[in-house]
Amino acid sequence: MANIETKCVQGGYRPGNGEPRQIPIIQSTTFKYNTGTDMGKLFDLEASGYFYSRLQNPTCDTVAAKICALEGGTAAMLTSSGQAASFFSIFNIAQAGDHVVSSSSIYGGTFNLFNVTMRKMGIEFTFVSPDCSDEELEAAFRPNTKAVFGETVANPALTVLDIERFAKAAHAHGCPLIIDNTFATPVNCRPFEWGADIVTHSTTKYMDGHGSAVGGCIVDSGKFDWTKYADKFPGLCTPDESYHGITYTERFGIEGAYITKATAQLMRDLGATQSPQSAYYLNLGLESLHLRMKQHCKNAQTVAEYLSSHEKISWVKYCGLKGDKDYALAQKYMPNGSCGVVSFGVKGGKAAAEKFMEALTIAAIETHVADARSCCLHPASTTHRQLSDEELVACGVTPDLIRLSCGIEGTEDLIADIAQALEKI
Ligand SMILES: *Cc1c(COP(=O)(O)O)cnc(C)c1O
């Protein structure tokens, strides 16, 4: 199974003779054993198997195995949401007193998680621009830095991260690079091929793709050698007293230690697990991910080009546009296309933007992106409506900004709809 298309369709599941062709939904919280000894071995992580669906469930593991294959990793787990995946990815290796370097160009929910909630837990964050100089990046590190975090294509800023450069800096300080690959998906970019160590996803977006189920995923490349920095990562390299003195790197190797620890400790204690039913929907989405991403990207590219030549549009941000500041990075990391999200400004500011959106008939007004159906959002009149025009500019959301998530409808229909809506302003 070398091709990404084949992995999308068949990865993670090989039914045996007479077994169901589609993945079974194991809707069971618990699993039966003949003896207490059999089950005890599972609790001690001496045997692999299922005992309680808060920690692991066969349906969820099947779908995690598919995403693991798509990213080219060695181990993966599903989580209840993208937020849970982002939180676990860092909390698995950092605790109170530790520090993390993060790109400042990340999803708003992740920024709040890091900057407010995880700070309350005693973890410090330094945010750096994805366009910062090597010196600025270098200066962000401290002796207690445990990880570097960024997004392949950032939501909503649509900047592209120079993954190789950030990986090099992270590794020079004995830290793994964690990449949120939600917008690009493994169809368009596989961060492990560029030096990233851990990948996270909000599967709610393109992977599910149909607005059906909230979910997340974490994948380990299995390449980061925790044992080389055993003092930095005691949770992985010294005995876990809450698991009968197991040392994760010894028992599961550098390929399995990180995900096993996240399952055995974080899932056990925090329980942000995905339901088997949601995992089933996610798998249905993954089966067509490679086909959908092509059409999302084609629509976004055509829309971005159309808008940038339109007299009523003041600016367009899409990394597939030749003049875009991230064009070269996008060509390097995502030569086959990036994502379906385009942002732009209409002349006439807030009022014109609202009028334009109301006139659209195909793209619906929604707080969502990366769906099969086109949708759009005007932050100034919705998510950021409490801010004044000056405050909007200060946080990078201009009053005229519209974020359009191009779905997989016909390209001509999308363009015609945008054209008629622009005529109305
Ligand atoms: C939506 C999103 C998240 C959060 O995911 P949820 O599934 O909504 O919890 C994280 N990162 C990115 C890039 C996202 O777009």
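Residues numbered from 1 in each chain as written. Predicted model: local features only at pLDDT ≥ 70, side-chain atom pairs only at ≥ 80, totals over all residues. Heavy atoms only, no water.

Topic: the sheet that holds strand β1 (residues 75-79)
Strand order in the open sheet formed by seven strands is β1-β7-β6-β5-β4-β2-β3, and the pairing between neighbours is mixed. Each of the sheet's edge strands pairs with one partner strand only, and the pair in question is β1 and β3 (124-128). On average, each strand axis in the sheet is tilted by 20 degrees relative to the strand beside it, whichever way the strands run. Bridge count between strand β2 (residues 99-103) and strand β4 (residues 145-151): four bridges; the pairing is parallel. Bridging across to β4, Ser 102 finds its partner in Phe 149. Where helix α4 (residues 82-91) meets the sheet, its contacts fall on β1, β2, β3, β4, β5 (177-180), β6 (198-202) and β7 (216-220), and the angle it forms with β7 comes to roughly 30 degrees. Across the face of the sheet, helix α7 (residues 163-172) comes into contact with β3, β4 and β5 while running at roughly 150 degrees to β5. (Pairing = 2+ DSSP bridges. Helix = DSSP H or I, 4+ residues; strand = E, 2+ residues; numbered from the N terminus. Axes fitted to C-alpha atoms, helices over the stretch in contact; angles between N-to-C directions. Contact = heavy atoms within 4.5 Å.)

Regarding the pattern of salt bridges
Opposite charge on two side chains makes pairing possible when the charged atoms of those side chains draw close. Overall, the coordinates contain eleven salt bridges when judged by the stated rule. Across the pair Lys 146 and Asp 98 runs a salt bridge, and its minimum N-O distance is 3.1 Å. One end of the pair, Lys 146, is in strand β4; the other, Asp 98, is in the loop between α4 and β2, with 48 residues separating them in the sequence. Here Lys 146 falls in the buried class, since its relative accessible area comes to 9%. Look at Asp 98 and you get buried, because its relative accessible area is 9%. Asp 324 is the partner of Lys 317 in a salt bridge, and the nearest nitrogen-oxygen pair spans 2.7 Å. Of the two residues, Lys 317 and Asp 324, neither departs from the other in class, the shared state being buried. One salt-bridge network, in which partners are shared between bridges, spans Asp 131, Lys 317, Asp 324, Lys 325 and Asp 326. (Salt bridge = Lys/Arg side-chain N within 4 Å of Asp/Glu carboxyl O. Buried < 20%, exposed > 50% of the residue type's maximum accessible area, 1.4 Å probe, protein only.)

With respect to the sheet that holds strand β9 (residues 341-346)
Pairing between sheet strands relies on hydrogen bonds along the backbone, with the strands arranged either parallel or antiparallel. On the basis of which strands lie adjacent, the open sheet formed by five strands has the order β8-β9-β12-β11-β10 and mixed pairing. The sheet is open, and its two edges are formed by β8 (313-317) and β10 (364-365), each paired on a single side. Strand direction decides the pairing type here: β9 and strand β12 (residues 401-405), joined by five bridges, are antiparallel. Bridge pairing in β12 places Val 342 opposite Leu 404.

What to know about the nonpolar core
In this structure, Leu 78 and Leu 177 are the most contacted members of the largest nonpolar core, which totals 57 residues. It is helix α3 (residues 58-71) that provides the largest number of residues to this core, a total of six residues. Summarising the domain contributions, this core has at least three residues from each of domain 1 (4-283) and domain 2 (290-423). If near-sequence neighbours (up to four positions away) are discounted, Leu 78 is found in contact with Cys 60, Val 63, Ala 64, Ile 67, Gly 216, Cys 217, Met 267, Gln 274, Ala 279 and Leu 282. Counting residues in hydrophobic clusters, the runner-up holds 41 residues, among them Leu 45, Ala 94, Leu 113 and Phe 224. (Core = buried A, V, L, I, M, F, W, Y, C linked by side-chain atoms within 4.5 Å. Domains from an automatic or database assignment.)

Re the pairing of β9
Summarising burial for β9: six of the six residues are buried, a large majority. A two-sided burial pattern is seen for β9, the buried positions comprising Val 341, Ser 343 and Gly 345 on one face and Val 342, Phe 344 and Val 346 on the other. Bridge count between β8 and β9: four bridges; the pairing is antiparallel. By the bridge assignment for β9, Lys 317 is matched with Ser 343.

Considering the domain arrangement of the protein
Parsing the protein into structural domains produces domain 1 (4-283) and domain 2 (290-423). Its C-alpha centre places domain 1 at a distance of 30 Å from the equivalent point of domain 2. Listed by partner, the interface residues are 32 residues for domain 1 and 29 residues for domain 2. For the pair domain 1 and domain 2, the summed buried surface comes to about 2500 Å²; carbon and sulfur atoms form 61% of the total. (Buried area = accessible area lost by both parts, 1.4 Å probe.)

Considering the side chain of Lys 232
If you trace the backbone, Lys 232 turns up in the loop between β7 and α9 (234-237). Put simply, Lys 232 is tucked away with no salt bridge, and the nearest opposite charge, on Asp 98, sits 8.2 Å away. Beyond its immediate stretch of four places on either side in the chain, Lys 232 contacts Pro 143, Thr 145, Lys 146, His 173, Gly 174 and Cys 175. (Lys, Arg positive; Asp, Glu negative; His and termini not counted.)

Re the site of the ligand
Every one of the 13 residues lining the ligand counts as a neighbour, but Asn 155, Asp 180, Ser 202, Thr 204 and Lys 205 are closest to it. Within the side chain of Lys 205, an N or O atom sits 2.7 Å from an oxygen atom of the ligand. Considering the ligand on its own, with 380 Å² of exposed area, one finds that the protein chains cover 92% of that surface. Here the residues of the shell around the ligand sort into two nonpolar, eight polar and three charged. (Near = heavy atom within 4 Å. Polar contact = N/O pair within 3.5 Å; in protein donor to acceptor, adjacent residues only side chain to side chain. Areas by Shrake-Rupley, 256 points an atom, 1.4 Å probe, with all protein chains shown as cover. Nonpolar A, V, L, I, M, F, W, Y, C, P; charged D, E, K, R; others polar.)

Thoughts on unusual backbone geometry
Following Asn 155, the chain continues into Pro 156 via a peptide bond in cis, with omega recorded as 10 degrees. Relative to the helices and strands, Pro 156 is located in the loop between β4 and α7. Its identity as a non-glycine residue notwithstanding, Leu 45 has a phi of 60 degrees, on the positive side. Residue Thr 185 is not a glycine yet carries a positive backbone phi of 60 degrees. Among the secondary structure elements, Thr 185 is positioned in helix α8 (residues 185-188). Thr 185 gets classed as buried once you look at its relative accessible area, which sits at 0%.

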